[in-house]
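Observations on the model geometry
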Amino acid sequence: VCRQCFSKPIMFVIALVLCGHCFPVATLGKLFTMVSHKEFETAGKAPGLQIWRIENMDLKPVPKNLYGNFYTGDAYLLLYTTTAPSYYIHMWMGNECSQDESGAAAIFATQLDDFLGGGPVQFREVQNNESLTFLGYFKSGIKYKQGGVASGFHHVLTNDVDVKRLLHIKGRRAIRATEVEMSWSSFNKGDCFIVDLGKEIYQWCGSDCNRFERLKASQLAIDIRDNERNGRAKLIMVEDGAEPDALTKVLGPKSSITPAAPDNEEVETSNKKKAALYMISDASGSMKTSVVAQTSPFKQEMLSLDECYILDNGVDKNVFVWKGPNANTSERKAAMKAAEQFIKEKNYSSKTQIQVLPAGGETTLFKQFFSNWKDKDQTTGDRVPVDPSTYGQFFGGDCYLILYSYKQGSREQHIIYTWSGLKSTQDELAASAFLTVQLDDSMGGAPVQVRVTQGQEPPHLMSLFKGKPMIIHSGGTSRKDGQTKTGSMRLFHIRQSSSRATRAVEVEPSASNLNTNDVFVLKSPDCVFVWKGAGASEEEMVAAKYVVSVLGRQSTDVVEGKEPAGFWSALGGKKEYQTSPTLQKMAKPPRLFGCSNKTGRLVVEEVPGDFTQSDLATDDVMLLDTWDQIFLWIGKEANEVEKRESPKIAKDYVDSDPSGRHGLPITTIKQGAEPPTFTGWFQAWDPNMWDTDPLERIRAPAKL
């Protein structure tokens, strides 16, 4: 059949691989005549996330305000672009999606990979078993909706309030909201639930759920209100036993609620003792694998640039495919299919995650299996000259509305970003929510709304400033007594994130806030210093020069270890600061885990995406792995079991490390007494963050 349908050799090879999916001939023909889909014209052109749904074997873009919503009967294609640029392609399959749809997603992923030059990292994602990379895109959590294209379900309109659904919220680090039957029998005392009635959104909290779970559920409820309802819905908090009449009218008389149950999923430390390495070859006419090494850790030299490899970590439901840049075309193109075949041969779970990695695009999870992994120095391309402007400057005590307009075809589209500083007041948060709705109304309800909290800015927002760093000043411009007066001494902490976005955040002018891996700008009444730590990048230095131009002064460059006396005296004297060199090349990025027994047994979960100080759960013990040492952070509300057992977990974590690390120091610290060696891993650490309750802070504007 394939020989009759396709005359071009490249088409013939790909079609042979896909015939196992039992596609109708007409469907294959339709897909393969579309080698460069029209949707690819905008793919990867700007930093950030793009999502398409598979509809009738075609790609249809998902509205940005519905990002994070997935129908369980569908398949999706996602592309994440960094500012470097580098690319990450994800195929997401719902538990109820058809074989045709999942196969179409695979074809489009291959075509998109070709369109972007074969350099993207590729992931196969399965509902409820998504990778941490995927989950990191959706800080407010992901929502599973029942149905799909085949059953007539389509994405709801922006302002559609004809909604009636019950969402079950699970997770503390990776938040998932699953649509369940609208009945009291779906509830339990240990979790949070969202009753979404369109104009009203009720967050119901079980009597046994804890503060951090309530906080995460609130963030997701606010995300539904702001993005799916454009701020038009009313958010109401409900405690178990205090349900209003509106809920019983929808759910009926309240019956007995199921007690809290322990989490059924097996959650273990992400590092394992064993993995195996195989080489892929098609020399015999079909894809074969041969053993390179039976157990980890491996040596980087085992990977030949002329071959493709499978790294088998099936015990942790992970399989990686590494594509050598000089491997033959058929091996590179068939990488995903080879991994799927490998999973079947090994009788692994169908939910096993697959990552396809080009040389130079290796993920942290892949590199951890090599004892000597070293990344090549990479450039990020030319910088755009900076024009002096106040755009990109924010005050941490204020809130902002940013309207971004762009053309899509002949139509003008709009995005409203609502940015709130970490020290903004409740009145400002409330006013910003009201003004966002007002602006949206004035534009006919057409704009996409995106709520942004300081420190969690999406790459697209960061890219709007034409290469300038985002500058966040201390204080605010709308205080009761007028604009906050700037201090005579000012210190800006400059750091580039993993997505290549650069921020300059004003911190307390103290030597303890310095960090050997970053750049700092110190402004005194007499002069301005640009201090470059030993591990800082040139991109951070360029950003520092722009900060100096904003301050309107000439600067003196200072290299770590050669500071003049005036530098230390301006900071109030020399003090201990973060001097670990581990962050310099970021070959092994730091990783943050939560140790919790809230589900009835002690489990460890990794925090997805770039972590921030707000990811430290005060009712948990957190484990921070900085590669050359381990920190155990004890939250003030952590219980005795977590405190007692977490050191053992830290030891087991190191002992089971597949890269063979041994004898790492394990430092235990307590909330409120963090040393610079710990706080230095977080940009712009705020020692006063926990002076106010984060749950009350997020709920106050949510009650509007």
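Calculation criteria
The numbering scheme is per chain: residues are counted from 1 as the chain's sequence reads. Per-residue local features of the predicted model are confined to residues with pLDDT of at least 70, and side-chain atom pairs are confined, for both listing and counting, to 80 or more; whole-chain, interface and lining totals are unaffected and use all residues. Derived side-chain values reflect all non-hydrogen atoms in the structure, with water molecules and hydrogen atoms excluded from consideration. UniProt positions are given in the numbering used here, feature names are shortened, and annotations may be inferred rather than shown by experiment. pLDDT expresses, on a scale from 0 to 100, how confident the predictor is about each individual residue. Helix and strand definitions follow DSSP, with helices as H or I runs of at least four residues and strands as E runs of at least two, each counted in order from the N terminus. A contact between two residues is defined here by any heavy atoms of the two lying within 4.5 Å. Here the aromatic set is Phe, Tyr and Trp, taking the six-membered ring for Trp, and pairing holds for ring centres within 6.5 Å; pairs whose planes are under 30 degrees apart are stacked, those over 60 apart are edge-to-face, and all others are tilted. Whether a charge sits over a ring comes down to the Lys NZ or Arg CZ being within 6 Å of the ring centre and within 35 degrees of the ring normal. Only when DSSP finds a minimum of two bridges between them are two strands counted as paired. Lines fitted to C-alpha atoms define the axes, with helix axes restricted to the stretch in contact, and inter-axis angles between N-to-C directions lie between 0 and 180 degrees. Whenever a nitrogen or oxygen atom comes within 3.5 Å of another N or O atom, the pair is scored as a polar contact, on the condition that within protein one atom can donate a hydrogen and the other can accept it, and that pairs from neighbouring residues in sequence are kept only if both atoms are in side chains. The cut-offs for exposure are 20% and 50% of the maximum accessible area for each residue type, with area from a 1.4 Å probe on protein chains only; residues under the lower value are buried, those over the upper are exposed, and the others partly exposed. We define a nonpolar core as any set of buried Ala, Val, Leu, Ile, Met, Phe, Trp, Tyr and Cys residues linked to one another through side-chain atoms lying within 4.5 Å. By this rule the span expected of a helix is its residue count minus one, scaled by 1.5 Å.

Per an unreviewed UniProt entry, the recorded name for the protein is Macrophage-capping protein, and the organism is Sinocyclocheilus rhinocerous. Under the Subunit (unreviewed entry) heading, UniProt states for the protein: "Interacts with NUP62. Interacts with NUTF2 and RAN; involved in CAPG nuclear import." Word for word, the UniProt comment on the protein under Sequence similarities (unreviewed entry) is "Belongs to the villin/gelsolin family."

Here the focus is the confidence of the model for the protein. Across the protein, the average pLDDT comes to 81, with 84% of residues at 70 or higher. Mean pLDDT values for the elements of the protein range from 36 in helix α1 (residues 2-5) up to 96 in strand β4 (residues 75-81). This model gives residues 1-34 a pLDDT under 50, and the stretch forms 46 contacts once residues within four places in sequence are excluded. Across residues 377-381, where pLDDT falls below 50, the model places five contacts with residues more than four positions away in sequence or in other chains.

Applying the stated criterion to the full structure yields 40 aromatic pairs. Taken together, a centroid distance of 5.5 Å and an interplanar angle of 75° make the contact between Phe631 and Phe678 edge-to-face. With Phe631 in strand β31 (residues 630-634) and Phe678 in helix α16 (residues 676-679), this pair connects stretches of sequence that are 47 residues apart. The structure contains a cluster of three or more aromatic residues connected by ring pairs, namely Phe70, Tyr76, Tyr80, Tyr88, Trp92, Phe123, Phe134, Tyr137, Phe138 and Tyr144. A cation sits over an aromatic face here: Lys254 above Trp184, 5.9 Å from the ring centre.

A few words on the sheet that holds strand β5 (residues 87-93). What the 10 strands build is an open sheet, ordered β2-β1-β4-β5-β6-β17-β16-β15-β13-β14; its pairing is mixed. Two strands bound the open sheet, and with one partner strand each, they are β2 (58-61) and β14 (288-293). Going from strand to strand, the sheet's axes swing by 25° on average, the running direction of each strand aside. The pairing of strand β15 (residues 308-313) with strand β16 (residues 318-323) spans six bridges and is classified as antiparallel. Bridge pairing in β16 links Asn313 to Asn318. Lying on the sheet, helix α4 (residues 99-115) is in contact with β1 (48-55), β2, β4, β5, β6 (121-126) and β16; it crosses β4 at an angle near 25°.

A separate point is the side chain of Ser646. Tracing the backbone through its elements, the reader meets Ser646 in helix α15 (residues 640-655). Reaching out from Ser646, the side chain makes a polar contact with the backbone oxygen of Lys643 at a distance of 3.4 Å.

Summarising burial for β6: six of the six residues are buried, a large majority. A two-sided burial pattern is seen for β6, the buried positions comprising Val121, Phe123 and Glu125 on one face and Gln122, Arg124 and Val126 on the other. In the sheet, β5 pairs with β6 via six bridges, with the strands oriented parallel. Bridged to Met93 within β6 is Val126.

Quick look at the sheet that holds strand β8 (residues 165-170) now. Strand order across the open sheet formed by seven strands is β3-β7-β9-β8-β10-β11-β12, with mixed pairing between neighbours. Since the sheet does not close on itself, it has two edges, and those belong to β3 (69-71) and β12 (234-239), each with one partner. Each strand of the sheet is rotated relative to its neighbour by a mean of 25°, with strand direction disregarded. With five bridges joining them, β8 and strand β9 (residues 176-180) adopt antiparallel strand pairing. Its bridge partner lying in β9, Ile169 is registered against Ala177.

Formed by 37 residues in total, the largest nonpolar core has its most connected members in Leu77, Leu79, Met91 and Leu112. Not counting chain neighbours up to four residues away, the residues in contact with Leu77 comprise Gln50, Ile51, Trp52, Leu59, Ile89, His90, Met91, Ala105, Phe108, Ala109 and Leu112.

With that settled, the discussion passes to helix α11 (residues 426-442). When the terminal C-alpha atoms of α11 are compared, their 24 Å separation across 17 residues agrees well with the 24 Å that a helix rising 1.5 Å per residue should span. Every buried residue belonging to α11 is among Glu428, Leu429, Ser432, Ala433, Thr436, Val437 and Asp440, and all of these are buried. Within two residues after α11, Gly444 carries a phi angle of roughly 75°, on the positive side.

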